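Descriptive analysis of the structure
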Amino acid sequence: MSRTEAPPLPEPLRVPVADSHTHLDMQDGTVEEGLARAAAVNVTTVIQVGCDVAGSRWAAETAAAHASVHAAVALHPNEAPRIVHGDPDGWSRQGAREAGGTAALHEALAEIDALASLDHVRGVGETGLDHFRTGPEGMAAQEESFRAHIEIAKRHGKALVIHDREAHADVLRVLADAGAPERTVFHCYSGDADMARICADAGYFMSFAGNVTFKNAQPLRDALAVAPTELVLVETDAPFLTPAPYRGRPNAPYLVPVTLRAMAEVKGLDEDTLAAAIADNTARAFDY
């Protein structure tokens with residue numbers, strides 16, 4: 001089986017659900033094809049997530065054009081230090097970039113703020129902190145950007161969508177300090193069971209991706225087991241994090257059922273019960 005070949009369509013879900021986090025602009029084929037494949041397995045709604053100004057504009061335009069798409073707009077945590085400091089040595093693997101300083105960051109944030117006011121934009125994200133790819137010199141820009149996104153989400157009454165990579169304590173610190181928006185989503189939840197309890201106490205949604213199916217992901221499954229069902233979402237983060245047994249092949253929203261069935265097993269719920277809960281949770285989280 002080719003690593004580049006798309007996995008087959010899974011058995012359709014009986015209860016329609018949403019993919020709470022996807023990147024259609026990074027996937028093969030047209031948006032229409034991707035949405036049709038998803039709908040064929042009863043994934044009837046997707047949240048299209050922007051990672052920079054151009055991608056956020058695209059997300060907003062795509063949501064405006066398709067009833068089944070809602071947008072989230074933001075500067076990714078690794079985008080903020082690139083805007084401020086540039087990318088002279090290719091650390092971000094996103095191509096060379098001139099340093100723009102904090103003025104360029106504020107300009108980009110103003111654009112995100114304007115997009116966040118649009119009705120079909122339901123979330124501000126993915127924002128947060130990434131200690132995996134950004135070194136110490138980029139942390140201040142990253143945190144300034146994160147705090148600005150929190151304010152934007154609160155000002156427009158939108159969900160906050162968090163990218164947290166190897167930065168759990170700092171993400172929770174900033175949220176507590178700045179005051180989290182009413183609806184906060186940990187995208188591709190990556191904490192352990194103890195952190196899941198902290199998130200549950202704060203009322204944060206936890207969205208699980210295909211990596212919950214990976215052999216080495218027992219801590220993630222332990223977190224899912226203790227996460228309250230009413231705070232659990234499912235996502236693909238496509239084209240990344242394709243669930244087992246298709247790990248390494250291209251991901252897309254139509255593979256949500258594979259992850260959802262694995263999650264139902266972990267939670268000891270039947271698939272229809274979990275799907276119905278997730279559908280309701282996603283609509284609450286993104287207020288659609």
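Because the structure is a prediction, the values reported are computed rather than measured.

Thoughts on the packing of helix H9 (residues 256-267) against helix H10 (residues 271-286)
- Packing of H9 against H10 leaves a shortest axis separation of 9 Å and a crossing angle of 110°. In this view, H9 runs roughly perpendicular relative to H10, as classed from their interaxial angle. Between H9 and H10 lies a crossing of right-handed hand. Note on element contacts: H10 touches H9 through Glu271, Leu274, Ala275 and Ile278, opposite Leu260, Arg261, Met263 and Ala264.
- Of the residues in the contact of H9 with H10, the class split is six nonpolar, no polar and two charged.

Remarks on the nonpolar core
- Counting 81 residues, the largest nonpolar core has Phe146, Leu175, Phe186, Tyr189, Phe208 and Met263 as the members making the most contacts within it.
- For this core, the element with the most residues is helix H4 (residues 101-116), which contributes six residues.
- Dropping the residues within four chain positions of it, Tyr189 is found in contact with Met195, Ala196, Cys199, Met206, Ser207, Phe208, Leu220 and Ala223.

Considerations on the sheet that holds strand E2 (residues 43-49)
- The parallel open sheet is built from eight strands, whose spatial order is E1-E2-E3-E4-E5-E6-E7-E8. Both outer strands of the open sheet, strand E1 (17-22) and strand E8 (232-234), are each paired with one neighbouring strand and no more. Each strand axis lies, on average, 30° off the axis of its neighbour in the sheet, ignoring direction.
- Two elements, strand E6 (residues 184-186) and strand E7 (residues 205-208), share two bridges in a ladder whose sense is parallel. In the sheet register, Val185 faces E7, and the bridge partner there is Phe205.
- The strands that H9 touches are E1, E2, E7 and E8; relative to E8, the one it contacts most, it runs at about 150°.

Notes on the pattern of salt bridges
- The final tally for this structure, using the stated rule, is 14 salt bridges.
- Asp119 is paired through a salt bridge with Arg122; the nearest N and O atoms lie 3.5 Å apart.
- Taking relative accessible area as the criterion, Arg122 reaches 12% and is therefore assigned buried.
- Among the salt bridges present, the one from Arg122 reaches Asp287, with a minimum N-O distance of 3.3 Å. Here Arg122 is found in strand E4 (residues 121-130), whereas its partner Asp287 is found in the segment after H10, with 165 residues between them in sequence.
- A relative accessible area of 44% places Asp287 in the partly exposed class.

Notes on the layout of surface pockets
- Of the volumes computed, that of the largest pocket is approximately 1200 Å³.
- In this structure, the largest pocket is lined by 39 residues; those nearest its centre are His76, Asp130, His163, Arg165 and Asp237.
- Within the residue set of the lining of the largest pocket, elements represented by two or more residues are helix H3 (79-85), E4, strand E5 (159-165) and helix H8 (218-226).
- In terms of residue count, E5 provides more of the lining of the largest pocket than any other element does, three residues in total.
- By volume, the second largest pocket amounts to about 240 Å³.
- Considering the residues around the second largest pocket, the lining is formed by 17 residues, among which Gln27, Asp28, Arg37, Asn251 and Ala252 are closest to the centre.
- Among the elements that make up the lining of the second largest pocket, the one with the highest residue count is helix H1 (residues 31-40) (three residues).
- The residue makeup of the lining of the second largest pocket, split by class, is nine nonpolar, six polar and two charged.

About the criteria used
- Residues numbered from 1 in each chain as written.
- Predicted model: local features only at pLDDT ≥ 70, side-chain atom pairs only at ≥ 80, totals over all residues.
- Heavy atoms only, no water.
- Axes fitted to C-alpha atoms, helices over the stretch in contact; angles between N-to-C directions.
- Helix = DSSP H or I, 4+ residues; strand = E, 2+ residues; numbered from the N terminus.
- Parallel < 35°, antiparallel > 145°, perpendicular 65-115°, else oblique.
- Left-handed = near helix turned anticlockwise from the far one by under 90°.
- Contact = heavy atoms within 4.5 Å.
- Nonpolar A, V, L, I, M, F, W, Y, C, P; charged D, E, K, R; others polar.
- Core = buried A, V, L, I, M, F, W, Y, C linked by side-chain atoms within 4.5 Å.
- Buried < 20%, exposed > 50% of the residue type's maximum accessible area, 1.4 Å probe, protein only.
- Pairing = 2+ DSSP bridges.
- Salt bridge = Lys/Arg side-chain N within 4 Å of Asp/Glu carboxyl O.
- 1 Å grid on protein atoms, 1.4 Å probe; cavity = no way out; pocket = protein on both sides within 12 Å on 5 of 7 lines; lining within 4 Å.
- Points joined across faces, edges and corners; volume = space filled by probe spheres on them.

That's the geometry; what it means functionally is another story.
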